[in-house]
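# Examining the three-dimensional arrangement
Letter by letter, the chains look like this.
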Amino acid sequence: SKLSKSITILLDDLQWIDPASLTFCRALFQSTKSNKNVFLVLCSRESEVQTQDKSEVHDWLQSLSGSTLETIRLTNLNPEDVNNLVSDSLRTWPRLTRSLSAILHGKSLGNPFFLRQTMEMLCRGGYLHYSLGERKWKWDLDEISDLRLDDNVVSLLTREMTKLPDELLVGLKAASCIGYCIPQTVVDILSKHLEMDLFGVLTSLVQRSYLAGVGSALYRFTHDRIYQAAYELMSEKQRREDHMKFGLAICSYVLDNCENNYDMMFVGVNQINRGGPEVLADSCRRVMISQLNLNAGQRALLLTDFSSALSFFGHGIMFLNPGHWDAHYQLSLDLFTSAAESACATSDAALVKSYSETILAHSRSLDDRLPALCFAVKSLKESMNLPSCRDCAIEVLTQLGEDVSSVLEIPSQETIQITNNLLMSKMTDDSMIKMSPCTQMRAVFVMRLYHELNFAFFVYDPTCLLGICFRMVSLTMEIGSTEISATAFANYGIELIARGYSIGSRLGTLALKLAENSKYISYVIAAVKQYNSWVVEPLHAIAESHLLGFYAGKKIGDEFSSSLNYCLQIITCFLCGKDLTQLNDTFNDYIMQLLESRKKWFLPQSSIFYWLVVELIEGPNFSPHDHNPNIPSELAIVAFAATAKHHELDLLIDGSKLMRSFLFRLDMSKCADVLDRVVNATCQLRFTTITAVFFEGLISFAMARQTAENNEWIIKGEIALSYMKRWESTKWNFENKIKLLEAEKMHCLGYFDLASKLYVDAVESSKRHKFFHELAMCLELQGLFFQGRNMAEEALTSLRRSVRCYRNWGADAVAERVELYIRHHFGH
């Protein structure tokens, strides 16, 4: 929504950010980037984000620097600035404080916080004092100059803290163990454990400016360096022991008093984990802690905090005793299986492999192995190792008794029709939604494996998809509904749409209903909206649906499907004719996010459209070197598609070539042939494919007017037109395109009066249905038609209107081509 007032968002200390918070910051920045009412300020210590464990934060900040954000580097204060600060603090003339300031600058190196702490230390030591008699600040330069100070602020603070009373020192150490913020509930628990008035101690520390109270329920350290100094008061051994004691005390309190207080459980388990298994010899307690980590991790999974869940499960495994697979088999199996699931969700393929292999080595049955095998297959898919994903899925399915080779065969038309009739006549949408749930766990895993297999064949051999989808639908009707059944109906509907079965649209709608509130909702939205809904729904609404799918995936932690939806949303906006300048930035940001996160799921697809957008803005002779060198070039994408035999990518590449050739009139006689693959139903249909057919039809009719072999080109154009007419009932998406192809056909055949009317209809339909980029094409072709009929004034008017529409779209290079044509043929 449009904000009526400006808002400033300050995110400080990004060097301490955790992975989940970094994901949130990425999304926040992306969502507010184009909003002029939002002012975002990001603060971090550059030296600390450049460390290895913070490399992802550093890469993200580097990608923003110099492009979308202005970078301001705050250095230490120079001697003059230090003197101004000291002069203001002491209310003394700058000329009188210059000598003192020079000493303080030399000791603090101009670090503002270090300088402040040094001055406070000098006051407490009496080196800097206020004379009531003379009513001014006084100091002894020789004493201060000879005073030995620490090299850094942390050492200075640590030395000052050691002078605190014992009770305050104990409280400060305890607070630093808990963390930067200390909840009131934890204070109450530790007061009993330490047998002291910790509340009173922390209040005293607030008075000494070490801590600050936040309301009545929280304390926090006033500066991260104070927190660091307090933590470094203890040896490594003492820290670990205190973490363990405090963690056990908190967990004991939670288990005895408020078992469902998950926030406190997370605090307690994290404390225990920071202590580590090395400080706990009691084998029974180690088992208990492993169970606590399992419980905490499973709760984190429900909250879709997969990074935290993975950490809990990993620590739970570390606390297991030697021989745990024999002594505590179920606990071990649950921890390793859950760890594999979390690693899969965080796209850590190496960890998935490690945990899965451990399970395979120690599990006692195939049923115990199945979850890990499914996560391994899914991980292979999401790391885009699709050949291994396919082979592994087939191997496991075979172990489960599936005749995969038969499944991959294309079902006969008769078999498909029988199934469709059953779905149409005997099962209503309501009865399918209320279908009894499947109780056979092996069957559930069979469905999950077929789902992953479907994606692998979608890329490499789309002819096998119908058999896989048919098997999944048949299984659902035999064994009952599972969460994955929604994807079965979605994918089967897509295959039926490509083959002309009207029931495909109904199955897509059914799939969306079945997927509501399930963990497959984001995937189902992506599949149905991209490959099914364009038959019945305006394309502009589909773009909005993909955005909802993106947020749905984020909410449930399905990063793969969420990213897929976002990619499809941008591509669909391009097909709707949205502003190319904005799309250029959006594609660039999305691609950079993929590169930074090292998740190159849809990098080739988005890069194809990025370069197409760049070309429409700058022209065919643009230099890729003037753009982001990290984005794969068109040549690299074409080579990858050929090597990987990526059928879907081939279609996108050929479709972009057709669009480019027509809009720039580039060697149209040698364009790729998408039409044959689509008509013969060797690929799933999506609107990008239909758009490619549309441009192939336009090119065919244009070539028919330019070459002697016009009959061959007209026949090809008529095939494209006939194919487009299959969807003429969806007027919003297809009416303007069909009218334009019909106008071009009549133009070629010499039916000029009918052609003239159809051009007008195409123009009006493009305006009415808001395809303004296609309005530009309609006006240009109308202008060329008028020119051929010697109607110079009408031709010039249409061509000029087309230039304005191309400009409004952002296709400056195409507009310049038409302007050049106007100057050449009309002298304007």
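Above this text sits the structure in question.
Residues numbered from 1 in each chain as written. Predicted model: local features only at pLDDT ≥ 70, side-chain atom pairs only at ≥ 80, totals over all residues. Heavy atoms only, no water.

### Points about the pattern of salt bridges
Scanning all chains against the criterion turns up 31 salt bridges. Here Arg116 and Glu120 are joined by a salt bridge, their closest N and O atoms 3.2 Å apart. In this pair, Arg116 and Glu120 are both assigned in helix H6 (residues 112-124), four residues apart and thus about one turn of the helix distant. Judged by its relative accessible area of 30%, Glu120 is partly exposed. We note a salt bridge from Glu402 to Arg471, for which the minimum N-O separation is 2.9 Å. Taken together, the residues span a long stretch of sequence, with Glu402 in the loop between helix H21 (386-399) and helix H22 (404-407) and Arg471 in helix H26 (residues 465-479) at a distance of 69 residues. (Salt bridge = Lys/Arg side-chain N within 4 Å of Asp/Glu carboxyl O. Helix = DSSP H or I, 4+ residues; strand = E, 2+ residues; numbered from the N terminus. Buried < 20%, exposed > 50% of the residue type's maximum accessible area, 1.4 Å probe, protein only.)

### Some details on the nonpolar core
If you look at the biggest cluster of nonpolar residues, it comprises 180 residues, and the most contacted ones within it are Tyr450, Trp534, Phe574, Leu616, Leu663 and Tyr806. Top contributing element to this core by residue count: helix H25 (residues 441-460), with 14 residues. If near-sequence neighbours (up to four positions away) are discounted, Tyr806 is found in contact with Leu663, His773, Ala776, Met777, Glu780, Ala811, Val814, Ala815, Arg817 and Val818. One finds Leu164, Cys177, Ala300 and Phe306 within the second-largest nonpolar core, a separate group that totals 93 residues. (Core = buried A, V, L, I, M, F, W, Y, C linked by side-chain atoms within 4.5 Å. Contact = heavy atoms within 4.5 Å.)

### Side note on unusual backbone geometry
Positive phi, normally seen in glycine, also occurs at Glu195, with a value near 55°. You can see Glu195 is positioned in the loop between helix H10 (184-194) and helix H11 (198-207). On the accessibility criterion, Glu195 (74% relative accessible area) is exposed. The backbone of Arg665 shows a phi angle near 55°, a positive value even though the residue is not glycine. Looking at the secondary structure, you find Arg665 in the loop between helix H35 (647-664) and helix H36 (675-679).

### Observations regarding helix H14 (residues 262-275)
Look at H14: 20 Å from first C-alpha to last across 14 residues, which is about the 20 Å you get at 1.5 Å a residue. Looking at the buried residues of H14, the elements they touch are helix H9 (166-178), H10, helix H13 (236-257), helix H15 (283-302) and helix H16 (306-318). In the stretch just after H14, Gly276 is the one whose phi turns positive, near 85°. (Expected span 1.5 Å × (residues − 1).)

### Quick word on the side chain of Asn273
With respect to the secondary-structure elements, Asn273 resides in helix H14. For Asn273, a relative accessible area of 7% puts it in the buried group. In this structure Asn273 touches Asn293, Phe312, His315 and Phe319, once residues within four positions along its chain are discounted.

### A look at the side chain of Ser656
Looking at the secondary structure, you find Ser656 in helix H35. Within polar-contact distance, the side chain of Ser656 engages the backbone oxygen of Ile653 at 2.7 Å. Among residues more than four places away in sequence, those in contact with Ser656 are Ile608 and Leu612. (Polar contact = N/O pair within 3.5 Å; in protein donor to acceptor, adjacent residues only side chain to side chain.)

### Let's talk about H6
For H6, with 13 residues, the first-to-last C-alpha span of 19 Å sits near the 18 Å given by 1.5 Å per residue. One or two positions beyond H6, positive phi appears at Gly126, with a value near 80°.

### Looking at the state of the cysteines
Within the structure shown, the criterion is met by zero disulfides. Just so you know, Cys576 is unpaired, no disulfide at all, and the nearest cysteine sulfur is the one on Cys573, 6.1 Å from it. A relative accessible area of 3% places Cys576 in the buried class. Cys805 carries a free sulfur, and the closest cysteine sulfur to it, the one in Cys778, is 9.6 Å from it. (Disulfide = S-S within 2.5 Å.)

### Considering the environment of Ser290
With respect to the element layout, Ser290 can be found in helix H15. On the accessibility criterion, Ser290 (0% relative accessible area) is buried. Put simply, Ser290 and Leu335 are 45 residues apart on the chain and 8.2 Å apart in space, counted from C-alpha to C-alpha. Contact partners of Ser290, with chain neighbours within four places excluded, come to Gly316, Phe319, Leu320, Leu331 and Leu335.

### A short note on the packing of helix H5 (residues 94-108) against H6
One way to put it is that H5 packs onto H6 with a least axis distance of 9 Å and a crossing angle of 120°. Between H5 and H6, the crossing angle belongs to the class labelled oblique. Here the hand of the crossing between H5 and H6 comes out right-handed. Where H5 abuts H6, its residues Leu104, Lys107 and Ser108 lie against Phe114, Leu115, Thr118, Met119 and Leu122. (Axes fitted to C-alpha atoms, helices over the stretch in contact; angles between N-to-C directions. Parallel < 35°, antiparallel > 145°, perpendicular 65-115°, else oblique. Left-handed = near helix turned anticlockwise from the far one by under 90°.)

### Quick notes on the sheet that holds strand S7 (residues 218-221)
Pairing within the open sheet is antiparallel, and its three strands lie in the order S5-S7-S6. Either end of the sheet is taken by a strand with one partner, and the two such strands are strand S5 (181-183) and strand S6 (211-214). When strand polarity is set aside, the average angle formed by the axes of neighbouring strands in this sheet is 25°. Direction of pairing for S6 relative to S7: antiparallel, over a ladder of four bridges. Its bridge partner lying in S7, Val214 is registered against Leu218. Seen against the sheet, H9 touches S5 and S7 and runs at an angle of roughly 95° to S5. Together, S6 and S7 form the strand contacts of H11, whose direction differs from that of S6 by roughly 110°. (Pairing = 2+ DSSP bridges.)

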